[in-house]
Number of protein chains: 2
Amino acid sequence: MHNTANPLNFEIINTGSELLLGRVLNSHQQWLCNELVQLGFEVARQVAVSDASQDIEGAVREALTRADCIITTGGLGPTSDDLTRDCIARLLGRRLLVDAKTLASLERYFAERKRPVLESTKVQAMVPEGSIVLHNANGTAPGLVLEISPNPFRHDGKPSFLIMLPGPPRELHPMFNGQVVPLLTARFSQIHPVTYRTFRTAGSGESQLEEKIRDPLKPLIEKGLILSYCARIGDVEIRIGARDAEGASLLDPAEKIIREHIGECIYGLNKDLLETVIIRELTQRKQTLAVAESCTGGLISHRLTNVPGASEVFMAGLITYSNEAKCRLLGVPLEIIQKEGAVSEATARAMAEGARARNSVDYALSVTGIAGPGGGSEHKPVGTVFIGLATPKKIIIRHYLNRFDRETFKNATVQQAMELLRKNWE
Amino acid sequence: MHNTANPLNFEIINTGSELLLGRVLNSHQQWLCNELVQLGFEVARQVAVSDASQDIEGAVREALTRADCIITTGGLGPTSDDLTRDCIARLLGRRLLVDAKTLASLERYFAERKRPVLESTKVQAMVPEGSIVLHNANGTAPGLVLEISPNPFRHDGKPSFLIMLPGPPRELHPMFNGQVVPLLTARFSQIHPVTYRTFRTAGSGESQLEEKIRDPLKPLIEKGLILSYCARIGDVEIRIGARDAEGASLLDPAEKIIREHIGECIYGLNKDLLETVIIRELTQRKQTLAVAESCTGGLISHRLTNVPGASEVFMAGLITYSNEAKCRLLGVPLEIIQKEGAVSEATARAMAEGARARNSVDYALSVTGIAGPGGGSEHKPVGTVFIGLATPKKIIIRHYLNRFDRETFKNATVQQAMELLRKNWE
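Since the model is a prediction, treat every value here as computed from it, not as a measurement.

J.: Even after reading the chapter, I still don't get the overall build of chain A, so can you show me in this structure?
T.: Looking only at helices and strands, chain A features 16 helices and 17 strands. When the backbone C-alpha atoms are referred to their principal axes, chain A occupies close to 80 × 60 × 45 Å. Taken over 426 residues, chain A has a buried fraction of 46%. Sequence-distant contacts, at least 24 apart, represent 66% of the contacts inside chain A between residues at least 6 apart.

Now the structure itself:
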């Protein structure tokens, strides 16, 4: 819902021909909008244009006629189709000057990598006169911030705050969080941030969760509580929010209701991921984990090892695609595979037991299933999966039917496996 | 690169507050752009606005001042925030009339489901005067097409073709393919489809590649060749295109120049991925692969097993995070780890040798390094990685310094490892 009370007009301009050719998905729009909403800002309009200078210039010029804050992404790099910086300098009649600090940082970046600094690379150190320069810790192109005041493009002459950010997400995200957020909150200090609490759940679908909390939360929603959902595969986010002090008083009772009705599904808060929660818990317990994966092909191990510090508690991952590897690396008896099949409760059990014993760990997870598109049968259709967990005291096996495409199958199964461990600490 | 020779101006307007709140990813933009490119159309601009009528009206009014074709998505349904149809009718001064065929189809739809037709539902049968009505085979809201001629919003009075489509993908996609495509090709029959060739490369940065092909391609670009780049971590896409028959004659000579200068970096065409190319090659050669991963934590195995049919050639993945696992599962001598370190050329070599011998495969890849943020030293800083490849005839070791955040480090390293195998088939 659009909040007309919000007096500020934010616009996002994503540049990049690849966006308009449909080559890549524009993930920046969602990411930036979501971050801005959490700060209390709402985006009125998002525009994507090609790399061509007339398209970039046209979009920025239009935004300048009405926006209090404009955020552009892309076009700050070294190649011939990186034109955002030049276009905007020209449009605003500002000279491009060498930023000595950026140039030095470019030279250091390339020296560390033992590569020469090309002339085309140095263009990234040219910044429009009057820019605040945002250092890029993960790349070479700095971000640029301009206060356009007075703003000749706006009827009322009101200023526009113009922020140019690099396109690659791993450069954009930390620059936004580390440097743009403080600038925005200082520049637009009149805004009352929306207060949010986010509960992350696994193991239940969006409708099932909604069914359980909708009615109990109704009275609070009528008093102004904001409630929203964001569903991914095997992972549903529930968010409650408030726009003012009165609304903020509803958050505690709302959280109580949510925890009462769906508490067992909540694995974390805010930006927690299941893998983060698991590595954190293992670390605190000083316990260890091994994983034996067949159909998930390494994705459980990959997700767990994304968490810094995983090496202290994650001992080994065995990706046993072949039957021979299941026997040799995990000690699964060949008779079990021959009698029950590689995709069976008995094999999942033997994999988990074997992985736990052979790696001398506290917990072992095992997964065996049919990811598809081939390999299914009437008795064991594509999507069949058995997940095993061996703990110090017991072995638990779960059976699911995850009827998705291959990649979604892997994602859904990994969530189920991690959730099984999260619910069975010992 | 935007080609100014293209006389047609297409614009997409996506409506939906959920887009601007960052609740959902805007997949319509990519999908529609990609479909239009294949028909020979390019989108000049894409805009997302909220559900509010003033926002929708503003975006459509602006597009009408310059676009030959405008495609809107969303806001055609029965609920109170579905305002696209009403806004556009009001903006154009067209009456809303009942479309008898749509009303009958609505009544049939609900009768089949044994549900009453609510008054709010019937609004979907109201269409702006003069509309072409597109039947919705997968929902209730029809698509609407209007020829705005003469166009009062455009200086030159040139007509605009305005297409309103429903928001849900399962309604939008078949309606576009089945009904909009024939309308577009008839209405804009003068368009010659753009021909593209895409080369996918690994192992070189965007600037390095551009440095090598820019000058040799210059004469062809001056004759109208379209050249563009799209860079991801360890993966740069180079695309050449032509807009007419004359331009198409430049593609063969351009491809020859590209292959001559950077041919060794090209691993595939169009939508190929490195893992697809590797699994395809292994399958054709009837050869097998095992992988021993330390710092990439399962990502090589995960990527390879995303490819359907991987189970025929990918035998096992060993994620040996601990030294003990490296010794036990791969047979790395403990003396090597103690003397040279777990992150060393000698360890990478022993891991690759061990993985190849123990799993009886033709090729084995090994990776050991420091993903960070912790674990670095002056001698071996964060980002240090050794990649090993054992083939039937030899062992190759590569040393890189991948100074990125943890996840990017993993992605970059996986590309380097797969590229090492791709270049060393035996």
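Here the narrative resumes.
J.: Explain the sheet that holds strand E1 (residues 10-15) of chain B to me, please; I cannot follow it from the model alone.
T.: Hydrogen bonds between backbone groups are what pair the strands of a sheet, and the pairing can be parallel or antiparallel. Ordered in space as E6(A)-E7(A)-E8(A)-E3(A)-E1(A)-E2(A)-E2(B)-E1(B)-E3(B)-E8(B)-E7(B)-E6(B), the twelve strands form an open sheet in which the pairing is mixed. With partners counted over all chains shown, the strands left at the sheet margins are strand E6 (132-134) of chain A together with strand E6 (132-134) of chain B, one partner each. Going from strand to strand, the sheet's axes swing by 15° on average, the running direction of each strand aside. In this sheet, strand E2 (residues 43-49) of chain B lies alongside strand E2 (residues 43-49) of chain A in antiparallel orientation, the contact comprising five bridges. Counterpart to Val49(A) in the pairing with E2(B) is Arg45(B). Against the sheet, helix H7 (residues 169-187) of chain A contacts strand E3 (69-73), E6, strand E7 (143-148) and strand E8 (160-165) of chain A, and its axis sits at roughly 170° relative to E8(A).

J.: How should the interface of chain B and chain A be read in this particular structure?
T.: It is common to report an interface's size as the accessible area lost on association of the parts. Listed by partner, the interface residues are 65 residues for chain B and 65 residues for chain A. Taken together, the residues that form the side of chain B that touches chain A break down as 30 nonpolar, 24 polar and eleven charged.

J.: Explanation requested: the packing of helix H3 (residues 53-64) of chain B against helix H4 (residues 84-92) of chain B in the structure shown.
T.: Geometry of a packed helix pair, given as the angle between the helix axes and the separation of the axes. Residue and element names in this part refer to chain B. Axis separation between H3 and H4 bottoms out at 9 Å; the angle between their running directions is 55°. One way to sum up the angle between H3 and H4 is to call them oblique. Note on packing geometry: the crossing formed by H3 with H4 is right-handed. On H4, the residues touching Ser-53, Ile-56, Glu-57, Val-60 and Arg-61 of H3 are Thr-84, Cys-87, Ile-88 and Leu-91. For the contact of H3 with H4, a count of residues per class yields five nonpolar, two polar and two charged.

J.: Is there a simple way to explain the packing of helix H8 (residues 206-222) of chain A against helix H10 (residues 251-262) of chain A in this structure?
T.: Residues and elements named next belong to chain A. Following both chains from N to C, one finds H8 and H10 inclined at 155°, their axes separated by 10 Å at the closest point. Taken together, the axis directions place H8 and H10 in an arrangement best described as roughly antiparallel. Two packed elements cross with a definite hand, and for H8 against H10 that hand is right-handed. Counted together, Leu-209, Lys-212, Ile-213, Pro-216, Leu-217 and Leu-220 of H8 and Pro-253, Ala-254, Ile-257, Ile-258, His-261 and Ile-262 of H10 form the full contact between these two elements. Considered class by class, the residues forming the contact of H8 with H10 number ten nonpolar, one polar and one charged.

J.: Help me out: how do you make sense of the sheet that holds strand E9 (residues 195-201) of chain B in this one?
T.: All names here are of chain B. The four strands are arranged E10-E11-E9-E12 in an open sheet whose pairing can be described as antiparallel. This sheet does not close on itself; its edge strands, each paired only once, are strand E10 (226-232) and strand E12 (266-269). Across the sheet, the axes of successive neighbouring strands diverge by a mean angle of 25°, strand direction being ignored. This element, helix H10 (residues 251-262), spans E9, strand E11 (235-242) and E12 of the sheet and lies at about 5° to E9.

J.: Any chance you could explain the pairing of strand E1 (residues 10-15) of chain A here in plain terms?
T.: Here is the key point about a regular strand: its side chains alternate between the two faces of the sheet. Residues and elements named next belong to chain A. With respect to burial, E1 is a largely interior element, six of its six residues being buried. Burial of the side chains of E1 extends over both faces: Phe-10, Ile-12 and Asn-14 are buried on one face and Glu-11, Ile-13 and Thr-15 on the other. In this structure, E1 lies alongside E3, joined through five bridges in parallel fashion. Looking at E3, one finds that Glu-11 is bridged to Ile-70.

J.: How should I be thinking about the domain arrangement of chain A in this particular structure?
T.: One can read the domain layout of chain A as domain 1 (10-187), domain 2 (195-269) and domain 3 (274-422). Each of domain 1 of chain A and domain 2 of chain A has a C-alpha centre, and the two are 35 Å apart.

J.: I keep staring at helix H13 (residues 323-330) of chain A and nothing clicks. Help me out?
T.: Residues that lie three or four places apart on an α-helix share one face, since the helix turns once every 3.6 residues. Within H13(A), burial applies to Ala325(A), Lys326(A), Leu329(A) and Leu330(A). Each buried residue of H13(A) sits inside an arc of 105° when the element is viewed along its axis, so together they form one side. Looking at the buried positions of H13(A), the neighbouring elements they touch are strand E13 (289-293), strand E14 (314-320), helix H14 (334-340) and helix H15 (345-358) of chain A together with strand E14 (314-320) of chain B.

J.: Honestly, the nonpolar core in this entry has me stumped. Any pointers?
T.: Considering soluble globular proteins, one finds that nonpolar side chains tend to be buried as a cluster. By size, the foremost hydrophobic cluster in this structure holds 142 residues, and its most contacted members are Ala364(A), Leu365(A), Ala364(B) and Leu365(B). Here Leu365(B) is in contact with Val291(B), Ile300(B), Ala352(B), Leu389(B), Ala417(B) and Leu421(B), once residues within four sequence places are set aside. Counting residues in hydrophobic clusters, the runner-up holds 92 residues, among them Leu20(A), Val127(A), Ile148(A) and Met164(B).

J.: Just checking my understanding: could you explain H3(B) for this structure?
T.: All names here are of chain B. Between its first and last C-alpha atoms H3 spans 16 Å; for twelve residues at 1.5 Å apiece the expected length is 16 Å, and the two agree. Those residues of H3 lying buried are Asp-55, Ile-56, Ala-59, Val-60, Ala-63 and Leu-64. The arc enclosing the buried residues of H3, seen along the axis, measures out at 165°, which places them on a common side.

J.: It is not clear to me how unusual backbone geometry should be interpreted in this structure. Could you clarify?
T.: Glycine aside, residues mostly have negative phi, and peptide bonds are mostly found in the trans state. All names here are of chain A. Following Ser-149, the chain continues to Pro-150 via a peptide bond in cis, the omega torsion being -5°. As for its placement among the helices and strands, Pro-150 is situated in the loop between E7 and E8. One non-glycine residue, Lys-286, lies in the positive phi region at around 50°. Relative to the helices and strands, Lys-286 resides in the loop between helix H11 (274-285) and E13. On the basis of neighbour count, Lys-286 is assigned to the exposed category, with 9 C-beta atoms found within 10 Å.

J.: Is there a simple way to think about the confidence of the model for chain A in this case?
T.: Note that predicted coordinates carrying low pLDDT should not be read in detail. All names here are of chain A. The share of residues in chain A with pLDDT of 70 or more is 97%, and the mean pLDDT across the chain is 91. Across residues 1-6, confidence stays below pLDDT 50; counting only partners more than four residues off in sequence or on other chains, it has eight contacts. Taken together, the chains of this predicted complex give a pTM of 0.76 and an interface ipTM of 0.75.

J.: Would you mind showing me how to read the environment of Gly383(B) here?
T.: All names here are of chain B. In this structure, Gly-383 sits in the loop between strand E15 (363-369) and strand E16 (384-390). Taking the C-alpha atoms as reference points, Gly-383 and Ile-56, 327 residues apart in sequence, are found 48 Å from one another. Beyond its immediate stretch of four places on either side in the chain, Gly-383 contacts Ile-370, Gly-372, Leu-401, Asn-402, Arg-403, Phe-404 and Phe-409.

J.: Quick question: what am I supposed to make of the environment of Arg23(B) here?
T.: Turning to its location among the elements, Arg23(B) is positioned in the loop between helix H1 (17-20) and helix H2 (27-39). Arg23(B) gets classed as partly exposed once you count the C-beta atoms within 10 Å, which come to 19.

Parameters and conventions
- Residues numbered from 1 in each chain as written.
- Chains lettered and ligands numbered in written order.
- Predicted model: local features only at pLDDT ≥ 70, side-chain atom pairs only at ≥ 80, totals over all residues.
- Helix = DSSP H or I, 4+ residues; strand = E, 2+ residues; numbered from the N terminus.
- Buried ≥ 20, exposed ≤ 12 C-beta atoms within 10 Å, placed from the backbone.
- Contact = placed C-beta atoms within 7 Å.
- Pairing = 2+ DSSP bridges.
- Axes fitted to C-alpha atoms, helices over the stretch in contact; angles between N-to-C directions.
- Nonpolar A, V, L, I, M, F, W, Y, C, P; charged D, E, K, R; others polar.
- Parallel < 35°, antiparallel > 145°, perpendicular 65-115°, else oblique.
- Left-handed = near helix turned anticlockwise from the far one by under 90°.
- Domains from an automatic or database assignment.
- Arc of directions from axis to C-beta.
- Core = buried A, V, L, I, M, F, W, Y, C linked by C-beta atoms within 7 Å.
- Expected span 1.5 Å × (residues − 1).
- pLDDT = per-residue confidence, 0-100.

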